[in-house]
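An overview of the molecular structure
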Amino acid sequence: MRRRDLAFLALGIVVALALPRVLYSALALRILLWALFAVSVDLLLGYGGMLSFGHAAFWGGGGYAAALLAKTFELPFPLAALGGIACAMLLAAPIGYLAIRRRGIYLAMVTLAFAQMLFYVANEWRGLTGGENGVQGVPKILPGLSVGRTADFYYAALPLVLVGLFVAYRIVHSPFGHVLVSIRDNEARAQALGYPTQRYKLIAFVLSGGIAGLAGSLYAIGNSFASLDLLHWTTSGSAVLMTVLGGMGTLWGGAVGAAIVLLLEDSLSSVTEAPGVVTGAILIAIVLGFRRGLLPEAGRAIEWVALRRRGG
Amino acid sequence: MSFYGTSVSEAFDEKGRFDMKRVIALAMVAAVMAAACGAAAPSGGGAPATAVKLTSGKLVMGVINDQSGVYADLSGKNAVEAVKMAVEDFKAKYGDNALGGPIEVITADHQNKPDVASSKAQEFYERNNASVIFDVPTSSAALAIAKVAGDQKRLYINITAATTDLTGASCNKYTFHYAYDTYMLAAGTGKWVTENLGKQWYIIYPNYAFGQDMEKSFRSAVTKFGGNVIQSDGSPFPNQTGDFSQLLLKAGQLKPQVLGAMQAGGDLVNVVKQYNEFKLKDQGIKLAIGLLFDTDITAIGQDNMAGVVYTTPWVWSMDDQAKSFADKFLKRTGIRPTFAHAANYSAAWQYMEAIRRAGTDDADAVVKQLEGYKFNDFFIRNGQIRAEDHWVMHDALLAQVKPSSEAKEKFDYSKVLGTIPAETASRPLADANCKK
């Protein structure tokens, strides 16, 4: 098990390093950051059993905060991203506090409602956010290095993304993570065992919001702008879709889902008239064909082949 | 380089050293050319057009716009066709090798998402080596691409986005704004309507960036020409119910002389329909419209719009020059061009002309050719590209929708009432606040 994890890790890092060479750098950066975003959603959905349909609030909240910090104070981007994380976690605390009182679809609706509120605040607060036009012209700063080009920024941001992924991995594989899984499976029993389940859920929510905030911060700075799209409900929807597509409760499934969705969106935008329809059809086919998500199904396929070979 | 293709200075290489091989080569070229001139016409070689040297051996032009959403009709795929037409006509005029290499048009659907627009623009510039990008509706997407263009030092010629920020706070050396902006619309319609239809205005606008810009521009134009905006109200955007009755009933009570509607597309369709249902026209309240595309008239119905006065950079039926383009366009796409289609053609054409003049597609050299350039074509009249902020100044038109009984054909929607001179239709430089 351990060896397979290491192999996966090595493969992941190689893919992450090679991505801007294989694709163009802007697309590679988008995939990298959406992957981190989807992982943050999976942390909550796959391990905590909480379907947040408002994660755009943290991705966008972090994005706007980082963009404004980088633009106003000309901060180096890691510092601006720290600000973005803080902002996202500050948003996640009260939203999470209220949302975790409900479960399932109701939790999803509460988070969606808060994200929509934030969307309209950003739209109306034009003096700060630039409204529809967004915060434009955000500089990419890193003392001592030039990261103005997207390809350079990709490699500068990669360590931060890896830290984010590592934090998610550590959370899941810690005692805290195991308690979280037990709450997902049977909250009443976890409570009976003496765990303060609400507190666990809230902490998970805030941590997940923070990781989404990191991804959003880097996304806004990498794009040089933060726009209303960051906060739009379809952004939350895409993140959930990527997670489900790649496989819930696998942590890295979201990354696979992100890559597939973005590659489809990108390649179809130049060839068809209705990229949405074609993407949708392909995604429905994948979800129907691979119920558990791509990553778990792929794992099962590998095991099956290995078994066959051993048997034959 | 001299007109005949050879000169003494070419005997020196890039570093200025005298090069014997070059002298021999030049002497041979000169001899061949002398022979050619004496005999038959030169076969392709030697014409001034071959002086153009493309940096990558071919010219790639990108069109990024909305091909599946709300702006797909007014620009969309047909705008791509317009750019392709420009390339074909350019080759027909100057020869296949007019720019010293093949000319390619590539396109992407940005789905009105600024992040998709930004990454597509980077792909076009970096991967496909595009030297220019055209069109780009949705102001947030346009501003995002302007930033990419500035960073990558490649050209971006905006056409469909209306925001004045492109030539203002967000301007840069490589971004140009063609066709129209909110200032032009207000300067034309605001002035004419205030002077001719009524001085008391009630403005309704969709409550997002475009609508707010329009409200501001119209308010200042109306006031400037002696009118008075009694009140202005925002309508929710997007307006899912399509219900504007609250605002229109209010208009009935306020009894302004003019109702200024800044809504666009589907919202505009509803406003006009309800304006007709409430019979505001019979109460003496005239309708002025901020932005109108021919495709909107198709959707609303010509007779529902009849009598409405609006400002536009171009009408396909305005004169023979415009008509001949519209005929070609109709043959190719099955519809008459909107001004956005025509502007895409014109911008692509002028860009290629600038390459011809510059002798290269190098961005700095082309920018130098474009800045301050004065020109006329079927779309642009009295055009001048303002060097300071890259706004393409040109005459705008005041047009009126005519009833279908006066139309000569299905798409014959409007007649031209008058011309708004370029100076009046352009935002004064002092207000632009552009620091390149």
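Predicted model only: the values in this text are computed from it and were never measured. (Residues numbered from 1 in each chain as written. Chains lettered and ligands numbered in written order. Predicted model: local features only at pLDDT ≥ 70, side-chain atom pairs only at ≥ 80, totals over all residues. Heavy atoms only, no water.)

Observations concerning the overall build of chain B
For chain B, the helix and strand inventory stands at 15 helices and 15 strands. The buried share among the 436 residues of chain B stands at 55%. Considering only residue pairs separated by 6 or more positions, chain B has 69% of its internal contacts joining residues 24 or more positions apart. Summed over all atoms, the accessible surface of chain B reaches about 17500 Å², with 52% contributed by carbon and sulfur. (Helix = DSSP H or I, 4+ residues; strand = E, 2+ residues; numbered from the N terminus. Buried < 20%, exposed > 50% of the residue type's maximum accessible area, 1.4 Å probe, protein only. Contact = heavy atoms within 4.5 Å. Areas by Shrake-Rupley, 256 points an atom, 1.4 Å probe, with all protein chains shown as cover.)

Brief notes about the environment of Tyr310(B)
Residue and element names in this part refer to chain B. With respect to the secondary-structure elements, Tyr310 resides in strand E10 (residues 309–312). Beyond its immediate sequence surroundings of up to four residues, Tyr310 is in contact with Thr189, Ile289, Leu292, Asp294, Ile297, Leu397, Leu398, Ala399, Gln400, Val401 and Ser414. A distance of 2.6 Å separates the side chain of Tyr310 from the side chain of Ser414, its partner in a polar contact. (Polar contact = N/O pair within 3.5 Å; in protein donor to acceptor, adjacent residues only side chain to side chain.)

Examining the pairing of strand E6 (residues 200–206) of chain B
Residue and element names in this part refer to chain B. When you tally the buried positions in E6, you get six out of seven residues, the bulk of the element. Note: E6 against strand E7 (residues 228–235), seven bridges, orientation parallel. Across the sheet, Pro206 pairs through a bridge with Ser235, a residue of E7. With respect to chirality, the unit in which E6 leads through helix H6 (residues 209–224) into the neighbouring parallel E7 is right-handed. (Pairing = 2+ DSSP bridges. Right-handed = clockwise from strand over helix to strand, strands pointing away.)

Comments concerning the nonpolar core
Counting 112 residues, the largest nonpolar core has Met61(B), Phe134(B), Leu155(B), Tyr178(B), Leu259(B), Tyr351(B) and Phe379(B) as the members making the most contacts within it. Top element by residues in this core is helix H12 (residues 339–358) of chain B. It accounts for twelve residues. When residues of this core are sorted by domain, at least three fall in each of domain 2 (59–180 + 318–394) and domain 3 (183–312) of chain B. Setting aside anything within four residues of it in sequence, one finds Leu155(B) in contact with Tyr125(B), Ser131(B), Val132(B), Ile133(B), Tyr174(B), Phe176(B), Tyr351(B), Ala363(B), Val366(B), Val367(B) and Leu370(B). Core analysis: the second largest hydrophobic core is formed by 91 residues, Leu29(A), Phe153(A), Ile183(A) and Ile221(A) among them. (Core = buried A, V, L, I, M, F, W, Y, C linked by side-chain atoms within 4.5 Å. Domains from an automatic or database assignment.)

Digging into a nonpolar patch on the surface
Residue and element names in this part refer to chain A. On the surface, Leu6, Leu9, Ile13, Leu17 and Leu162 cluster together into a nonpolar patch covering about 430 Å² of accessible area. Among the elements that make up the nonpolar patch, the one with the highest residue count is helix H1 (residues 2–22) (four residues). Residue position: Ile13 is located in helix H1. Residue classification places Ile13 among the partly exposed residues on the basis of a relative accessible area of 34%. (Patch = residues over 30% accessible without salt bridge, like charges linked within 9 Å, V, L, I, M, F, W, Y side chains within 5 Å. Salt bridge = Lys/Arg side-chain N within 4 Å of Asp/Glu carboxyl O.)

A few points about the packing of aromatic side chains
Applying the stated criterion across every chain yields a total of 30 aromatic pairs over all chains. Arranged with centres 4.7 Å apart and planes meeting at 55 degrees, the rings of Phe77(A) and Phe153(A) form a pair that is tilted. Here Phe153(A) lies in helix H7 (residues 150–172) and Phe77(A) lies in helix H4 (residues 77–99), a separation of 76 residues in the sequence. The class for Phe153(A) is buried, based on a relative accessible area of 0%. Aromatic rings pair up to connect Phe90(B), Tyr94(B), Tyr178(B), Trp314(B), Phe325(B), Phe329(B), Tyr345(B), Trp349(B), Phe378(B) and Phe379(B) into one cluster. The side chain of Arg101(A) reaches across the aromatic face of Tyr97(A), ending 4.3 Å from its centre. The residue whose ring lies beneath Arg357(B) is Tyr373(B), and the NZ or CZ to ring-centre distance is 3.6 Å. (Phe/Tyr/Trp six-rings, centres within 6.5 Å; stacked < 30°, edge-to-face > 60°. Lys NZ or Arg CZ within 6 Å of the ring centre and 35° of its normal.)

Digging into the pattern of salt bridges
On inspection of all chains with the given rule, the structure shows 26 salt bridges over all chains. Lys328(B) is paired through a salt bridge with Asp89(B); the nearest N and O atoms lie 2.8 Å apart. A residue pair is termed long-range when its members are at least 10 positions apart, and Lys328(B) in helix H11 (residues 320–333) and Asp89(B) in helix H2 (residues 76–94) qualify at 239 residues. Of the residues examined, Lys328(B) reaches a relative accessible area of 39% and is grouped as partly exposed. Salt bridges here are not isolated pairs; linked through shared partners, they connect Arg30(A), Glu265(A) and Lys113(B).

Quick word on the confidence of the model for chain A
Averaged over every residue, the pLDDT of chain A is 90; residues scoring 70 or more account for 98%. Of all helices and strands in chain A, the one with the weakest mean pLDDT is helix H13 (residues 275–289) of chain A (81), whereas helix H10 (residues 197–223) of chain A scores best (96). (pLDDT = per-residue confidence, 0-100.)

Considering the interface of chain A and chain B
Taken together, the contacts link 29 residues of chain A with 30 residues of chain B. Note on chain A versus chain B: buried area summed over both sides is about 2600 Å², and carbon and sulfur give 44% of it. Our count for the contact surface shared by chain A and chain B stands at two salt bridges. Note that Lys113(B) and Glu265(A) form a salt bridge whose closest N and O atoms lie 3.2 Å from each other. On inspection of chain A and its partner chain B, the count reaches nine residue pairs in polar contact (both at pLDDT 80 or more). Listed by contribution, the elements that provide at least two residues to the side of chain A that touches chain B are H1, helix H2 (25–47), helix H5 (104–124), H10 and helix H12 (253–268) of chain A. Here the side of chain A that touches chain B takes three residues from H2(A), the largest share from any one element. The class makeup of the residues in the side of chain A that touches chain B is nine nonpolar, eleven polar and nine charged. (Buried area = accessible area lost by both parts, 1.4 Å probe. Nonpolar A, V, L, I, M, F, W, Y, C, P; charged D, E, K, R; others polar.)

Let's talk about the sheet that holds strand E13 (residues 392–393) of chain B
All names here are of chain B. One open sheet holds the three strands; their spatial order is E11-E12-E13, and the pairing between them is antiparallel. Each of the sheet's edge strands pairs with one partner strand only, and the pair in question is strand E11 (374–375) and E13. Two elements, E11 and strand E12 (residues 383–385), share two bridges in a ladder whose sense is antiparallel. Bridge pairing links Lys374 to Gln384 in E12.

Re the state of the cysteines
All names here are of chain B. The full count for this structure, using the stated rule, is one disulfide over all chains. Covalent S-S linkage joins Cys171 and Cys434, the inter-sulfur distance amounting to 2.0 Å. Negative torsions about the S-S bond denote left-handed disulfides, and the value of about 90 degrees found for Cys171 with Cys434 makes this one right-handed. A residue pair is termed long-range when its members are at least 10 positions apart, and Cys171 in the loop between strand E4 (155–158) and strand E5 (175–177) and Cys434 in the segment after helix H15 (429–432) qualify at 263 residues. (Disulfide = S-S within 2.5 Å.)

As for the environment of Ala209(B)
All names here are of chain B. The topology assignment puts Ala209 in helix H6. Taking the relative accessible area as the measure of exposure, Ala209 reaches 10% and is therefore buried. When the C-alpha positions of Ala209 and Ser426 are compared, they lie 20 Å apart, and in sequence the two are 217 residues distant.

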